[in-house]
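# Close look at the chain arrangement
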Amino acid sequence: MITDVQKHYGDFQALTDIDLTVNRGEVVVVIGPSGSGKSTLCRTINRLETITSGTITIDGEELPKEGKGLAALRADVGMVFQSFNLFAHLTILENVTLGPIKVRKMNKADAEREAKVLLDRVGVGHQASKLPAQLSGGQQQRVAIARALAMNPKVMLFDEPTSALDPEMINEVLDVMVGLAQDGMTMIVVTHEMGFARKAADRVVFMADGQILEDQMPDDFFTHPKTDRAKDFLSKLITH
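Residues numbered from 1 in each chain as written. Predicted model: local features only at pLDDT ≥ 70, side-chain atom pairs only at ≥ 80, totals over all residues. Heavy atoms only, no water.

An unreviewed UniProt entry lists the protein under the name Glutamate transport ATP-binding protein GluA, from Microbacterium terricola. As recorded by UniProt, the Sequence similarities (unreviewed entry) comment attached to the protein reads in full: "Belongs to the ABC transporter superfamily." (UniProt positions renumbered as here; feature names shortened; annotations may be inferred.)

### Side note on the pattern of salt bridges
A pair can form between side chains of opposite charge whenever their charged atoms are brought close. Evaluated as defined, the whole model comprises 14 salt bridges. The partner of E49 in a salt bridge is K7, with the nearest N and O atoms 3.7 Å apart. Of this pair, E49 sits in the loop between α1 (38-44) and β4 (53-58) while K7 sits in strand β1 (residues 2-9); the two residues are 42 residues apart in sequence, bridging distant segments of the chain. Across the pair, exposure class does not vary: E49 and K7 are buried alike. With its nearest N and O atoms 3.7 Å apart, the salt bridge here joins R43 to E49. A single network of salt bridges, built from pairs that share partners, joins R24, D59, D76, R104 and K154. (Salt bridge = Lys/Arg side-chain N within 4 Å of Asp/Glu carboxyl O. Helix = DSSP H or I, 4+ residues; strand = E, 2+ residues; numbered from the N terminus. Buried < 20%, exposed > 50% of the residue type's maximum accessible area, 1.4 Å probe, protein only.)

### Brief notes about the pairing of strand β6 (residues 77-80)
Burial along β6 is two-sided: V77 and M79 and G78 and V80, pointing in opposite directions, are all buried. Here β6 runs beside strand β7 (residues 155-159); their pairing, made up of four bridges, is parallel. Among the inter-strand pairings, V80 is bridged to a residue of β7, identified as F158. (Pairing = 2+ DSSP bridges.)

### Points about the UniProt feature "domain: ABC transporter" (unreviewed entry) in the protein
When the UniProt feature table is mapped onto this chain numbering, "domain: ABC transporter" (unreviewed entry) sits at residues 1-234. Secondary structure content for residues 1-234 is 39% helix and 24% strand, while the C-alpha to C-alpha distance between its ends is 27 Å.

### Here's the deal with the nonpolar core
Of all hydrophobic cores here, the largest spans 51 residues; its most connected members are L119, I145, M156, F158, M177, M187 and F196. With nine residues, helix α6 (residues 167-182) is the single largest residue contributor to this core. Dropping the residues within four chain positions of it, M177 is found in contact with I145, F158, P161, M187, V189 and F196. I2, V30, L63 and I188 belong to the second-largest nonpolar core, a separate cluster that totals 25 residues. (Core = buried A, V, L, I, M, F, W, Y, C linked by side-chain atoms within 4.5 Å. Contact = heavy atoms within 4.5 Å.)

### Structural notes on the packing of aromatic side chains
This structure, assessed with the given rule, holds three aromatic pairs. Look at F206 and F233: their rings are 5.3 Å apart centre to centre, the planes differ by 50°, and that puts the pair in the tilted class. Taken together, the residues span a long stretch of sequence, with F206 in strand β9 (residues 203-208) and F233 in helix α9 (residues 228-239) at a distance of 27 residues. Like F206, the residue F233 is buried in the burial classification. Grouped by ring-pair contacts, the aromatic residues F206, F221, F222 and F233 constitute a single cluster. When the ring centre of Y9 is taken as origin, the NZ or CZ atom of K7, which lies over that ring, is 4.5 Å away. Just above the ring of F222 sits the side chain of R198; from NZ or CZ to the centre is 4.4 Å. (Phe/Tyr/Trp six-rings, centres within 6.5 Å; stacked < 30°, edge-to-face > 60°. Lys NZ or Arg CZ within 6 Å of the ring centre and 35° of its normal.)

### Details of unusual backbone geometry
Phi is positive for N85, close to 55°, though the residue is something other than glycine. On the secondary structure map, N85 appears in the loop between β6 and α3 (92-102). Looking at N85, the relative accessible area reads 41%, which means it is partly exposed.

### Details of the environment of F221
Here F221 lies in helix α8 (residues 218-223). We classify F221 as buried; its relative accessible area is 0%. It is 27 Å that separates the C-alpha atoms of F221 and G54, two residues lying 167 residues apart in sequence. For F221, the contacting residues outside a window of four places in its chain are I31, V204, F206, E214, Q216, A230 and L234.

Shown next as structure tokens:
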């Protein structure tokens, strides 16, 4: 739950009066023009970016500012970035087991067993012993999703997870995300992929200039946008 959040970088206001509630099991897709504050919003939810004012709560608990409480919260909030951020010197399996062993204090055998299930789930189980550089971008991003899932998070944040991928790899990542959505994972997804928004979102949030201008069901948003900014944004998508 995000209430009255403001975010400033010096004199520049990146987020203005942000109010957003995401219910358990809901998939909320955040779209909007570049520079609209989408990624900043995503990054404030696990305090990769601090907020100037307002509150953010997860399961009724306000985000801690630092220390052990913040580490515990980050374990509850899975994050998948534009760049895959895998550890290059660790195998795929080691990348996925690192968090559960170090943060959740899981024993290695249990962590590896669960990691293999997750890697199978995202379609890269046969690559477990390889290093990230030996995988395609789409495969690496699917490993990054498995790594986030290994922490058994309460919510998953995706910050433009397909924008660094070649076109033929985008669908393999989106398919995994659609599967997660169908399994009831709570997800906040910043993306340019409108097909995913139509197919998997419970709600579409449209941002421009650091503000939420619309928060609607996908069908309503794509067929009857209420604001001129959204109409303009959608018309550009259709014509290009």
